[in-house]
Amino acid sequence: MDYSENTVSYTTTNSYATLNTLTDNTKNVWVVLHGIGYLSRYFLRYFDELPPEENYIIAPQAPSKYYLKNNYRHVGASWLTKEATQQETQNVIAYLDAVYAAEKFPEDLNFIVFGYSQGVSVATRWVAQKRIPCDHLVLYAGGIPEELQASDFEFLIKKQTKVTTLVGDADEYLTEERQAAETKKIEGLFGGKAKQISFKGGHEIKKELILNLVK
């Protein structure tokens, strides 16, 4: 069999969701990246207790949609898989750049990049590769890709960007060994300046923890 695999470039369209309205009273702008199995409009529910007049939330949509169960009713989405990861990462980053450019929010607002679960890998790659000037990088219950180095985040340290990580003490996706490795990695990548928070719970988002991020 004479097999070959080829690539082609084309233009595509993807949606994203927002919560609240960007006004003169807005203090915080969030870009929030969901985990596997979410749609962006439902992921926004975790942020609906933030003061609406002060917080504008942008939720990009992972492009690869699929049915969650065999009844073919509920749809989820994924950012990346192990298949052609490098190429797909560039596609995702190009999409995030387009969302970022489309929103055109003022630079003097507090800009928060938030990644949950698989969204952590997307958030860190986007911020590192494109030097996204966020004021707060929040990494919630996810792993940082192995290819990223401390030098990729030096610009955040110079900017005095806050870095916060959150993980449940009973997260079913993190063994004790892996958690120790992630803790060490975070210390090295962010020069010991990341605030690492462990909470009681599993692989889940807690609204009270999100509220505490802007207090």
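Structure shown above.
Since this is a predicted model, take the numbers as computed values, not measurements.

Another point: a nonpolar patch on the surface. Side chains of Tyr 67, Tyr 72 and Val 75 sit close together on the surface and give an oily, nonpolar patch of about 320 Å² of accessible area. Counting through the fold element by element, Val 75 comes out in strand 5 (residues 75-78).

Our focus in this paragraph is the sheet that holds strand 8 (residues 162-168). Strands sit in the order 1-3-2-6-7-8-9 across an open sheet of seven strands; the sheet is mixed. Two strands bound the open sheet, and with one partner strand each, they are strand 1 (16-19) and strand 9 (195-199). With direction set aside, neighbouring strand axes in the sheet form an average angle of 15°.

The full count for this structure, using the stated rule, is eight salt bridges. In this structure, Lys 27 and Glu 54 form a salt bridge, with 3.5 Å as the shortest nitrogen-oxygen distance. Placement of Lys 27 in the loop between strand 1 and strand 2 (28-33) and of Glu 54 in the loop between helix 1 (40-43) and strand 3 (55-60) is noted, with a sequence separation of 27 residues between them. For Glu 54, a relative accessible area of 25% translates into the label partly exposed.

What follows is about empty space enclosed by the protein. Evaluated as defined, the whole model comprises one cavity of 30 Å³ or more. As for the largest cavity, its lining consists of Leu 80, Thr 89, Val 92, Ile 93, Val 122, Arg 125 and Trp 126. Elements with a minimum of two residues in the lining of the largest cavity: helix 2 (85-103) and helix 3 (118-130). Split by residue class, the lining of the largest cavity holds five nonpolar, one polar and one charged.

Moving on to the packing of aromatic side chains. The geometry of an aromatic ring pair is captured by the separation of the ring centres together with the interplanar angle, meaning the angle of the planes. Throughout the structure, instances matching the rule amount to 18 aromatic pairs. For the pair Tyr 38 and Phe 43, a centre-to-centre distance of 5.3 Å together with 70° between the ring planes defines the contact as edge-to-face. Plain terms: the ring middles of Tyr 67 and Tyr 72 are 5.3 Å apart, the flat faces sit at 85° to each other, and that makes the pair edge-to-face. For Tyr 72, a relative accessible area of 55% translates into the label exposed. Following the ring pairs from residue to residue traces out a cluster consisting of Trp 30, Tyr 38, Phe 43, Tyr 46, Phe 47, Phe 114, Tyr 116, Tyr 140 and Phe 199.

Of the voids in this model, the largest pocket is the one considered here, and its volume is about 620 Å³. Lining the largest pocket are 20 residues; nearest its centre among them are Tyr 10, Thr 12, Asn 91, Val 92 and Tyr 95. At the level of secondary structure, the elements contributing two or more residues to the lining of the largest pocket comprise strand 4 (64-67) and helix 2. Along the lines of polarity and charge, the residues of the lining of the largest pocket split into 10 nonpolar, eight polar and two charged. Lining of the second largest pocket is provided by 16 residues; of these, Ile 36, Ser 117, Gln 118, Gly 143 and Arg 178 occupy positions nearest its centre. Examining the composition of the lining of the second largest pocket, we find that three residues originate from one element, helix 3, more than from any other. Residues of the lining of the second largest pocket, tallied by class, amount to five nonpolar, eight polar and three charged.

So, about the packing of helix 2 against helix 3. Close contact between helix 2 and helix 3 brings their axes to 10 Å; oriented N to C, the two are set at 75°. It follows from the interaxial angle that helix 2 and helix 3 lie roughly perpendicular. Note on element contacts: helix 3 touches helix 2 through Val 122, Arg 125, Trp 126, Gln 129 and Lys 130, opposite Thr 85, Thr 89, Gln 90, Val 92, Ile 93, Leu 96, Asp 97 and Tyr 100.

Now for the nonpolar core. Core analysis: the largest hydrophobic core is formed by 39 residues, its most contacted members being Trp 79, Val 113, Leu 137 and Phe 190. Of all the secondary-structure elements, those providing two or more residues to this core are strand 2, strand 3, helix 2, strand 6 (110-116), helix 3, strand 7 (136-140), helix 4 (154-159) and helix 5 (176-189). For this core, the element with the highest residue contribution is helix 3, accounting for six residues. By size, the runner-up hydrophobic cluster in this structure holds 23 residues, among which are Tyr 116, Tyr 140, Ala 141 and Leu 213.

Calculation criteria
Residues numbered from 1 in each chain as written. Predicted model: local features only at pLDDT ≥ 70, side-chain atom pairs only at ≥ 80, totals over all residues. Heavy atoms only, no water. Patch = residues over 30% accessible without salt bridge, like charges linked within 9 Å, V, L, I, M, F, W, Y side chains within 5 Å. Areas by Shrake-Rupley, 256 points an atom, 1.4 Å probe, with all protein chains shown as cover. Salt bridge = Lys/Arg side-chain N within 4 Å of Asp/Glu carboxyl O. Helix = DSSP H or I, 4+ residues; strand = E, 2+ residues; numbered from the N terminus. Pairing = 2+ DSSP bridges. Axes fitted to C-alpha atoms, helices over the stretch in contact; angles between N-to-C directions. Buried < 20%, exposed > 50% of the residue type's maximum accessible area, 1.4 Å probe, protein only. 1 Å grid on protein atoms, 1.4 Å probe; cavity = no way out; pocket = protein on both sides within 12 Å on 5 of 7 lines; lining within 4 Å. Points joined across faces, edges and corners; volume = space filled by probe spheres on them. Nonpolar A, V, L, I, M, F, W, Y, C, P; charged D, E, K, R; others polar. Phe/Tyr/Trp six-rings, centres within 6.5 Å; stacked < 30°, edge-to-face > 60°. Parallel < 35°, antiparallel > 145°, perpendicular 65-115°, else oblique. Contact = heavy atoms within 4.5 Å. Core = buried A, V, L, I, M, F, W, Y, C linked by side-chain atoms within 4.5 Å.

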